[in-house]
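Letter by letter, the chains look like this.
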Amino acid sequence: MTASTAGGAPASAAYDRIGVGYHHVRRPDPRLAALIQEALAGARTVVNVSICPSSG
């Protein structure tokens with residue numbers, strides 16, 4: 001199943017147009033980064049599990 005925009009085009013096509021250059025300006029929130037660092041202090045292993053609602 002592929003998400004689509006109101007016009008029926010795949011949602012990724014819209015992001016390909018409007019998201020150009022986003023990775024150059026995206027920065028982590030230092031407050032969240034500090035909380036994550038504190039929570040993981042001393043951790044030997046970390047597993048990042050992501051659930052995508054469209055993977056259904």
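Just so you know, these numbers come straight off a predicted model, no measurement behind them. (Residues numbered from 1 in each chain as written. Predicted model: local features only at pLDDT ≥ 70, side-chain atom pairs only at ≥ 80, totals over all residues. Heavy atoms only, no water.)

Q: Help me understand the overall build of the protein, please; the structure alone is not making it clear to me.
A: Check the secondary structure of the protein and you find 3 helices and 0 strands. In the protein, the succession of α and β elements from N to C terminus is α-α-α. Residue burial in the protein is summarised as follows: out of 56 residues, 4% are buried. Total accessible area on the protein stands at roughly 5,500 Å², and carbon and sulfur atoms take up 59% of it. (Helix = DSSP H or I, 4+ residues; strand = E, 2+ residues; numbered from the N terminus. Buried < 20%, exposed > 50% of the residue type's maximum accessible area, 1.4 Å probe, protein only. Areas by Shrake-Rupley, 256 points an atom, 1.4 Å probe, with all protein chains shown as cover.)

Q: Would you mind showing me how to read the pattern of salt bridges here?
A: Oppositely charged side chains can pair when the atoms bearing their charge come close. All chains considered together, the criterion is met by 1 salt bridge. The residue R31 makes a salt bridge to D29 at a minimum N-O spacing of 2.6 Å. Since its relative accessible area comes to 62%, R31 is described here as exposed. (Salt bridge = Lys/Arg side-chain N within 4 Å of Asp/Glu carboxyl O.)

Q: Would you take a moment to explain helix α3 (residues 30-40) for this structure?
A: Each α-helix winds once per 3.6 residues, and so residues spaced three or four apart point in a common direction. Of all 11 residues that make up α3, 0 are buried, and the element is exposed over most of its length. Downstream of α3 by a residue or two, G42 has a phi angle that is positive, lying close to 85 degrees.

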